[in-house]
Amino acid sequence: MEYTYYPGCSLEASGKGYDESLRFVFGALEQKLVELEDWNCCGATYYMSTKETTSLVISGRILALAEKYGHDILAPCSSCYTILYKTNHILKNNFIMKAKVDQALKKDNLRYNLDLKVRHPLEVLVNDIGIDSIASKAKISLDGIKIAPYYGCQIVRPDRGFDDKENPQMMDLLFAALGAENIYFPMKVRCCGGMLMTTYPDVALELNKKILESAYENAADLVLTTCPLCQINLEAYQNKINKKFKTDFHLPILFFTQALGFALGGTSKELGIQRSIIPFQLNEIVKGEAR
Amino acid sequence: MKKLFIKRKKEREIDVRNEDKLRTAFLLQVANIPGGESLKKCIQCGSCTGSCPVSYTMDITPREIIALFRAKDMKSILSSRTIWICASCYACTVRCPQGVQVTDILYALKRLALEQRIFPKRFPIYSLSKSFIFLANRYGRSYEPGLILAYFLRTNPFKLVGLIPLFIKLFFKGRIRLLPNKIKGTKTFSQILKEAEIMEMIVPIREA
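### Here we look at helix H10 (residues 201-217) of chain A
Residue and element names in this part refer to chain A.
Phase 1: The end-to-end C-alpha distance of H10, which contains 17 residues, comes to 24 Å, matching closely the 24 Å that a straight helix rising 1.5 Å per residue would cover.
Phase 2: Inspection of H10 places Ala-204, Leu-205, Leu-207, Asn-208, Lys-209, Ile-211, Leu-212, Ser-214 and Ala-215 among the buried residues, and these make up the whole buried set.
Phase 3: Backbone geometry just after H10 places Ala-219 at a positive phi near 60°.

### What to know about the interface of chain A and chain B
Phase 1: On the side of chain B, 54 residues touch chain A, which itself brings 52 residues to the contact.
Phase 2: Taken together, the elements giving at least two residues each to the side of chain A that touches chain B come down to helix H2 (44-48), helix H3 (52-67), helix H4 (78-93), helix H5 (95-105), helix H9 (196-199) and H10 of chain A.
Phase 3: Considering each element in turn, the side of chain A that touches chain B owes the most residues, six residues, to H5(A).
Phase 4: A class-by-class count of the residues in the side of chain A that touches chain B yields 22 nonpolar, 17 polar and 13 charged.

### With respect to the sheet that holds strand S3 (residues 73-74) of chain A
Residues and elements named next belong to chain A.
Phase 1: Strands sit in the order S2-S1-S3-S4 across an open sheet of four strands; the sheet is parallel. Because the sheet does not close on itself, it has two edges, and the strands there are strand S2 (32-35) and strand S4 (118-119).
Phase 2: As judged from the two bridges shared by S3 and S4, these two strands associate in the parallel manner. The partner of Ile-73 across the bridge, within S4, is Val-118.

### Section: the pairing of strand S1 (residues 2-5) of chain A
All names here are of chain A.
Phase 1: For S1 and S2, the ladder comprises four bridges, and the chain directions are parallel. In the sheet register, Thr-4 faces S2, and the bridge partner there is Val-34.
Phase 2: Handedness of the S1-helix H1 (residues 16-28)-S2 crossover: right-handed.
Phase 3: Two strands pair when backbone bridges link them, and S1 and S3 are joined in this way by two bridges, in the parallel orientation. Bridge pairing in S3 places Thr-4 opposite Ile-73.

### Side note on unusual backbone geometry
All names here are of chain A.
Phase 1: The step from Arg-157 to Pro-158 runs through a cis peptide bond, and the omega angle for that step is -5°.
Phase 2: Secondary-structure assignment places Pro-158 in the loop between strand S5 (146-149) and helix H8 (170-177).
Phase 3: At Leu-114, a position not held by glycine, the phi torsion is positive, near 60°.
Phase 4: Mapping Leu-114 onto the fold places it in the loop between H5 and S4.

### A closer look at the nonpolar core
Phase 1: Ranked by size, the top nonpolar core spans 151 residues in total, and within it A:Tyr6, A:Ala75, A:Leu84, A:Val223, A:Leu224 and B:Leu109 carry the most contacts.
Phase 2: A total of nine residues in this core trace back to one element, the largest contributor, which is helix H7 (residues 102-115) of chain B.
Phase 3: In this view, A:Leu224 contacts A:Ile147, A:Pro149, A:Tyr150, A:Met171, A:Leu254, A:Phe256 and A:Ala259; residues no more than four positions away in its chain are not counted.

### Comments concerning the sheet that holds strand S7 (residues 222-225) of chain A
Strands in a sheet are paired, the pairing made by backbone hydrogen bonds, and the direction either parallel or antiparallel.
Residues and elements named next belong to chain A.
Phase 1: With parallel pairing, the four strands of this open sheet are ordered in space as S6-S5-S7-S8. In this open sheet, the two strands that pair with only one neighbour each are strand S6 (181-182) and strand S8 (253-255).
Phase 2: Summarising the sheet, S5 and S7 pair through three bridges and their orientation is parallel. Looking at the pairing, Pro-149 lines up with Leu-224 of S7.
Phase 3: On top of the sheet, helix H13 (residues 256-263) reaches S7 and S8; it is set at about 75° to S8, its chief contact.

### Quick look at the domain arrangement of chain A
Residue and element names in this part refer to chain A.
Phase 1: Domain boundaries assigned for chain A yield domain 1 (2-119) and domain 2 (137-285).
Phase 2: Of note, the centres of domain 1 and domain 2, computed from C-alpha atoms alone, are 25 Å apart.
Phase 3: Every contact between the two is made by 21 residues of domain 1 and, on the other side, 25 residues of domain 2.
Phase 4: The dominant element in the side of domain 1 that touches domain 2, judged by the number of residues it contributes, is H1, at nine residues.

### Section: the domain arrangement of chain B
Many authors give the size of an interface as the accessible area that is lost as the parts come together.
Phase 1: Along its sequence, chain B is carved into domain 1 (16-115) and domain 2 (124-201).
Phase 2: Summarising the inter-unit geometry, the C-alpha centres of domain 1 of chain B and domain 2 of chain B are found 29 Å apart.

### A short note on the environment of A:Thr198
Phase 1: Residue placement: A:Thr198 occurs in helix H9.
Phase 2: When the 20 C-beta atoms within 10 Å are taken as the criterion, A:Thr198 is described as buried.

### Quick word on the packing of helix H6 (residues 121-129) of chain A against H8(A)
Residues and elements named next belong to chain A.
Phase 1: The interhelical angle for the contact between H6 and H8, taken along N-to-C directions, is 55°, at an axis separation of 10 Å. One finds that H6 runs oblique with respect to H8. The handedness of the crossing between H6 and H8 comes out as left-handed. On H8, the residues touching Leu-122, Glu-123, Leu-125 and Val-126 of H6 are Met-170, Met-171 and Leu-174.

### What about H8(A)?
All names here are of chain A.
Phase 1: Inspection of H8 places Met-170, Met-171, Leu-174 and Phe-175 among the buried residues, and these make up the whole buried set. The buried residues of H8 occupy an angular sector of 110° when the element is viewed end-on, so they sit on one face.
Phase 2: Once H8 ends, the next one or two residues include Gly-179, with phi positive near 105°.

Reading the values: the criteria
Residues numbered from 1 in each chain as written. Chains lettered and ligands numbered in written order. Predicted model: local features only at pLDDT ≥ 70, side-chain atom pairs only at ≥ 80, totals over all residues. Helix = DSSP H or I, 4+ residues; strand = E, 2+ residues; numbered from the N terminus. Expected span 1.5 Å × (residues − 1). Buried ≥ 20, exposed ≤ 12 C-beta atoms within 10 Å, placed from the backbone. Contact = placed C-beta atoms within 7 Å. Nonpolar A, V, L, I, M, F, W, Y, C, P; charged D, E, K, R; others polar. Pairing = 2+ DSSP bridges. Right-handed = clockwise from strand over helix to strand, strands pointing away. Core = buried A, V, L, I, M, F, W, Y, C linked by C-beta atoms within 7 Å. Axes fitted to C-alpha atoms, helices over the stretch in contact; angles between N-to-C directions. Domains from an automatic or database assignment. Parallel < 35°, antiparallel > 145°, perpendicular 65-115°, else oblique. Left-handed = near helix turned anticlockwise from the far one by under 90°. Arc of directions from axis to C-beta.

Encoded structure:
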């Protein structure tokens, strides 16, 4: 199958490893990813919560461009995914907003015909490609590795309909099929605070501490995330959390595609794993042998 | 001599007459939310407050926001810390037994407060939003180092020093771009944005 790929701004910089590993995983599974040409920023929560129409217009531009490709659009970043999904939903349901957006997009001879599906790579991997098919292509078993699958907020909520909102299972099932052990992890959909890390750091550090604590106490080797913002909050601020709460966390935080790519035979460099700030070797954690 | 002492701008007082104006503006915002009318159905059970990961640090809980709206006290709502501390995790929206779109309602309140400029000076969220919008409009894409720089210059430049070690670490891992990535159509993009600004001001008239 072919998909239109919308990387989003984070995947160009701080989430580079997500971009590299996602491309590798889709390549290894023989799926085609075509990057959307000349994509712009989706506006994230900043626009949505300050200027609604403008937010809908700039994400409407992305949808209008992607529609020409004729395939579903994939947005790996949770924030982009939420905003694009929401925009799509509002434009389909509110004709006044649709008219406003059309009027603005006319300036660039663009028009969105409401014929596009916004999807997340995790859901595509599980629903379109299938866990069995992925497991059969795995080259390395993740045996003996204990993972904490962290879904974060915005991919399952408010109502995406692709997985349970309180206890999603997609990542759990996917990695269980690859041989990994899912730890008991009640914080899997708890919020990391997102941009509160910049605006109200005290609140965000507390939230992140709770998530890390839960993973640490249940003896996780790795925390897997689906969102570049969660990843950077959990990883880059671990030192600060350790200092503030007198804890001793050294948990590697990976994107789920990096661990998946590793199982599919990718090297650390291909998957961008060496970009982690917290030093660790995935090969050492994984005790399993080549299949 | 008097001229030397520049008087500080008084905080804009919201009087009772304004209350109706604020309510109307708020309800117009809510009308745009798919499923926004469910606001009426709130039964004050407090599931939203209980589900919220940050309610412990709010001055007014999400349930109280709706209670205060019913009690006609928009002033307290708009000047609360609550609407700004919300991290958009949607836990409240998902768990509400009545289908109230709590997060989207808080967004509507945020937009209203920004529109009415009801927030303290050097307010972090407003500054971050402004910085982000400035960059996104200029380049068509977000640019993280620029965003952080612009944000702290607007709020507290001294805090930038504390971020240097993290910046260096990320830089050597190849996770920071030194220059922003521009989109090709920046010219048409800004034309689109200009038109969007005009569209923003058009508010459909609805009968109350």
